[in-house]
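Structural features, examined
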Amino acid sequence: MEIVIVGGGKLGYALCRDLVIEGHEIVLIDRDPIRIEALQEELDIRCIVGNGSARDVLIEADVPSCDVFISVTPADETNVIAAAIAKKLGAGFSIARVRGPEYAHDLDFFHNEFGIGMLINPDAESAADIVRAFDYPAASSIEPFENGKVNLVTLRVRDDAQVIGKSLAEVRMLIPDILLLLIESGQQAMVPSGASVLKAGDLVQVLGPRTAIDAFSKLCGHPNRKWSSALVIGGKRISYYLLPPLLRRGIQVKVIEVDRDTANKLAAAFPQVKVIIGDGTNQRFLQEQHLANYDVAVALTNIDEENLMFALFAHQQGVRKTITKVNRRELTRLLDPRSLNTIITPHLSSTDAIIRYIRSHEKRSSSSLEGYARLSTEGAEALAFIAQETDRVTRMPIKDLTIKPGNVIGHILRGEEQIVPSGSSQIQAGDRVLIVSLNQHIHTLDEILKT
Amino acid sequence: MNTGMIRYMLGKLLLILSVLMLPSLILGFAYSEPRQVLLSFLASMAISAILGYLLSFRKPKTQDFYSQESIVLVALAWFSLSAVGALPFYLSSGASLVDALFESFSGFTTTGASVLSHTLDSLPRSLLFWRSFTLMIGGMGMLVFIIQVLPNLGSHGLYIMRAEMPGPNFGKLESKVSSSINILYGIYLSMTAVLTLLLRLGGVPWFDSVLLAFGTAGTGGFNFYPNSVAHYGNPYVEVVIAIGMMVFGMSYIFFYLIAIRKYRQVLRSEELHWYLGIILVSVVLISIGVYQRYDSFGSMLRDVFFTVSSVNSTTAYTTVDFRPWPVYTHVILLFLMFVGAMSGSTSSGLKVARLAVFVKSIRQEMRRMVSPDRAVPINYDGKELSQREQRSIAFYLMTYLAVFLILLAVISLDTKTFSSAFSAVIATLNNVGGGLDLLGPSMDYSALHDRTKLIMCLAMVLGRLEIYPVLILFAPSTWRKV
């Protein structure tokens, strides 16, 4: 597909990189010639220097004939105007990033009146990710599907877990409803079989009802207890989205922010939250703020390195759970994974949403892609499809399907009925099917089958 | 530097080269040529394939490929493909090794200078075809082949495109390097096909039409008759080739823009205005000096336009011996040789775009002297030219002059007059092929010393790749590990 992107910042760069891998033709517009030059060297894209909300520039970028237009400049207003103009010029679908909390209620208006097909807000989505981490205390990350009815949960097997040395078949004996989809052990990821054995430090992707997941987290060595307090460093935009749901859950929150004005603004908006002005990387200062006494430490500053250092220090001080915002995920690979719990990458869920939209509109077959997420394991993806009558997967029970290695059917949602797939279950037309796949790049349900 | 990857890609290119010799071999069979010729092509193909296989047999450990690797690959590719491409000449025509190398380098660099022109009647047709076919291959470059074997090259292809595309500026037509290069090659091939058809319609035999079209498309212009295009004595053919040379001297991006109906962008291009202006002024000035020699205005215009178009596009086909023309016309032709045609074409030389920027820089400097505080940006194609682009264009001229002088000094060791040394350098460094008084229209270099011929081979590659890649290839720092 032909895709025009305005804005070559963190999100714009991630979009260009990921969409080129998906095989699309990208045109990038940015004002800064130096940034454009750097991106042109690195990525196989066409670049244009100019103002992305000017009609001439958009025409030069062939917006009138493009399939998807995405505007992700730092300014919300520019994004909305650019996306609206692009739609009027004839772009197939237009997407704008709008992250200012003051526009939070205007999204439907932009959608209906300006013809902007999708509005993305990475900050709000990151905040939602963090809140989910509070809801599943044991999980490293949670990927919701089907409006939160199905949650794909990632858990780390702790060193003192009872599950160590047990095979998957034994786990299924103890907890029948749990389904283990993927095991990442060291640098290796695999789709497990019944005979696979869990080791300390493994990262597992599981699906199942809440009770089963809670029972399994206990086996993995995570005590089931609710978090009741959090220390947050960084009081910028994400905090505005994060604090209200945390406060609703009755969690005690303290925010540390280095900039006095930002701190004052936040304190004024949330009078019930303690906002401290100070440097979140100063260890003595953190001890003075009783870091060790908090259940959760959340790092949300704009500097990845600071966030990571803070999380490592919190871990060392004995904080049970750390949530760290990291834009460059590759940085985390330099560190011992056991010292970091939950990593949040703001642009990831936005790019996932856009990739899902684009993949589902490349009409290759009838089954439509309804949900898409890249998992923390390198190369692993979770995809939700609606099965159609014409799909070959609906013709026989799962045990008779010849599924390509690296793919698993994780979950079936039939109407309101949730089905944990077993060998005898059969996919029917209209079912919502969740697939987890490793290094496959699938676009349709039938692509999990051997041809 | 990732030498493994360079070795691997070089091997793939040699494998492709062996396939590219296939048409010549088939032609040899079709004309039932002597067994020795067929065997020599078969042997060349085998040697090229074996070398290629040995080099690309082992996959490189990492696929890392950056600017440095691309430049070294392009420079090495030109040297090694030209060297292996010399095998058919060496094995079948009885030419000496140096002569065979000279002919092959001259072909791949689209120069069109020849040491075999005195033996043209005795050369088998398959070899003549191969000789002109190398012009065609060299015209567009190696990237198109690299893309076919390594479709996942992605943005790294951009470095290669930069290293081998003539001219200071270049625009990607499409988002992907691979689709851009395929479009460019499509344009190149279809224009060549159209030219072949037009020549055939003018009564030129098929074989000659194809070879003339190759020579024009690559702006190389290998002759296969001693008196070049004048051999046909056909005004239609002369006009078609003259226009063809001018068109192949234009940026290929124009033809793409025309195909997608963006005529305005073409008409507004500053480089096009300069290009057409230079041709027009040269034709008028030369006509003033030579009109007395002609009976009819039409035939004079044809000869003058043909010569201007031929020299400016660095093709060097001829219809007339211009040596008796007044000296000032020689100076104009020399100037045209220096400048060459437009960037993004197959021609060589400095390129019209660079000349335009030089002239503008001079004007800018003068304005700055008159009023030191005045803001004087250089606008080119409606956009301000950055300091960096301006600098790189100015430096290119200096590098070019330095290389020119060094080559002149070295070649003058073996030549009798200054002007023959001078024209030998300009003929090879600018990939023109024909010189001025040394050679005249027949342009035969066979009398030169072997050492001079080898230096001229180097000069031709320097010219085709716009100097820097070759300098970088031979710089010791390129080969250091860190």
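For the structure, see preceding data.
The sections below set out a description of the structure shown in this document. Each chain carries its own residue numbering, running from 1 in the written order of its sequence. Whichever chain is written first is A, and whichever ligand is written first is 1; the rest continue in order. pLDDT decides what is reported in this predicted model: residues at 70 or higher carry local features, side-chain atom pairs at 80 or more are listed and counted, and totals for whole chains, interfaces and linings draw on all residues regardless.

**Here we look at the overall build of chain B**
As a reminder, the rule being used: Starting at the N terminus, helices and strands are each numbered in turn, a helix being any DSSP run of H or I of at least four residues and a strand any DSSP run of E of at least two. This radius of gyration counts C-alpha atoms alone. The globule rule is 2.2 Å times how many residues there are, raised to the power 0.38. The burial criterion counts other C-beta atoms lying within 10 Å of a residue's C-beta, which is placed from the backbone; the residue is buried at 20 or more, exposed at 12 or fewer, and partly exposed between these limits.
Helix and strand counts for chain B come out as 23 helices and two strands. Relative to the globule expectation of 23 Å for 482 residues, the C-alpha radius of gyration of chain B, 22 Å, shows essentially globular dimensions. The buried share of chain B, taken over its 482 residues, is 50%.

**Points about the overall build of chain A**
Heads up, the condition is: By the criterion used throughout, residues are in contact when their C-beta atoms, derived from the backbone, lie within 7 Å.
Secondary structure summary: chain A contains 13 helices and 22 strands in total. Radius of gyration (C-alpha) of chain A: 23 Å, near the 22 Å computed for a compact globule of 451 residues. Overall, chain A is about 65 × 65 × 40 Å in size when its C-alpha atoms are taken along their principal axes. For chain A, buried positions account for 44% of its 451 residues. Of all intrachain contacts in chain A linking residues separated by at least 6 positions in sequence, the fraction that spans at least 24 positions is 60%.

**Comments concerning the interface of chain A and chain B**
Here is the rule we go by: Amino acids are sorted into nonpolar (Ala, Val, Leu, Ile, Met, Phe, Trp, Tyr, Cys and Pro), charged (Asp, Glu, Lys and Arg) and polar (every other residue, Gly among them).
Counting residues at the interface gives nine residues for chain A and eight residues for chain B. Sorting the residues of the side of chain A that touches chain B by element identifies strand S2 (25–30) and helix H2 (33–42) of chain A as the ones contributing at least two each. Among the elements that line the side of chain A that touches chain B, the one with the most residues is S2 of chain A, at three residues. Each residue belonging to the side of chain A that touches chain B can be placed in one class, and the counts come to four nonpolar, no polar and five charged.

**Brief notes about the environment of Leu333 of chain B**
Residue and element names in this part refer to chain B. Note that Leu333 resides in helix H17 (residues 327–339). Residue classification places Leu333 among the buried positions, given that 22 C-beta atoms sit within 10 Å. Leu333 sits 26 residues away from Thr307 along the chain, and the two C-alpha atoms are 8.3 Å apart.

**Quick look at the sheet that holds strand S9 (residues 179–185) of chain A**
All names here are of chain A. Put simply, the rule reads: The rule for pairing is simple: two strands pair if DSSP sees at least two bridges between them. Lines fitted to the C-alpha atoms define the axes, with helices restricted to the stretch that makes contact. Angles between their N-to-C directions range from 0 to 180 degrees.
Taken in spatial order, the five strands line up as S7-S8-S11-S9-S10 in an open sheet, and their pairing is antiparallel. On the outer flanks of this sheet lie strand S7 (141–145) and strand S10 (188–190), each paired with one strand and no other. Each neighbouring strand pair of the sheet contributes to a mean axis angle of 15°, computed without reference to strand direction. Pairing of S9 with strand S11 (residues 203–207) involves five bridges; the strand directions are antiparallel. Of the residues in S11, the one forming a bridge with Ile183 is Val204.

**Details of the packing of helix H1 (residues 3–20) of chain B against helix H4 (residues 67–85) of chain B**
Residues and elements named next belong to chain B. For clarity, the cut-off: Crossing handedness follows the turn of the near helix against the far one: under a right angle anticlockwise gives a left-handed crossing, and clockwise gives a right-handed one.
Contact geometry for H1 and H4: axes closest at 10 Å, N-to-C directions at 35°. Two packed elements cross with a definite hand, and for H1 against H4 that hand is right-handed. Packed against H1, whose contacting residues are Met5, Ile6, Met9, Leu10, Leu13, Leu14 and Leu17, the element H4 presents Glu69, Val72, Leu73, Leu76, Ala77, Ser80, Leu81, Val84 and Gly85 at the interface. Grouping the constituent residues of the contact of H1 with H4 by class yields 13 nonpolar, two polar and one charged.

**Examining the pairing of strand S14 (residues 274–277) of chain A**
Put simply, side chains in a regular strand alternate between the two faces of the sheet. Residues and elements named next belong to chain A. Formally: The crossover handedness rule: strands pointing away from the viewer, path from first strand over the helix to second strand clockwise, crossover right-handed.
Pairing analysis gives four bridges linking strand S13 (residues 252–257) to S14, with the strands arranged parallel. Within S14, the position partnered with Ile256 by the bridge is Ile276. Following the backbone out of S13, through helix H10 (residues 260–269) and into the adjacent parallel S14, one traces a crossover that is right-handed.

**With respect to unusual backbone geometry**
All names here are of chain B. The phi torsion at Thr219 lies on the positive side, around 45°, for a residue other than glycine. As for its position among the elements, Thr219 is in the loop between helix H11 (206–217) and helix H12 (235–248). Within the chain, Lys351 stands out as a residue other than glycine whose phi angle is a positive 90°. Positionally, Lys351 belongs in the loop between H17 and helix H18 (352–370). Exposure remark for Lys351: the 27 C-beta atoms within 10 Å place this residue in the buried category.

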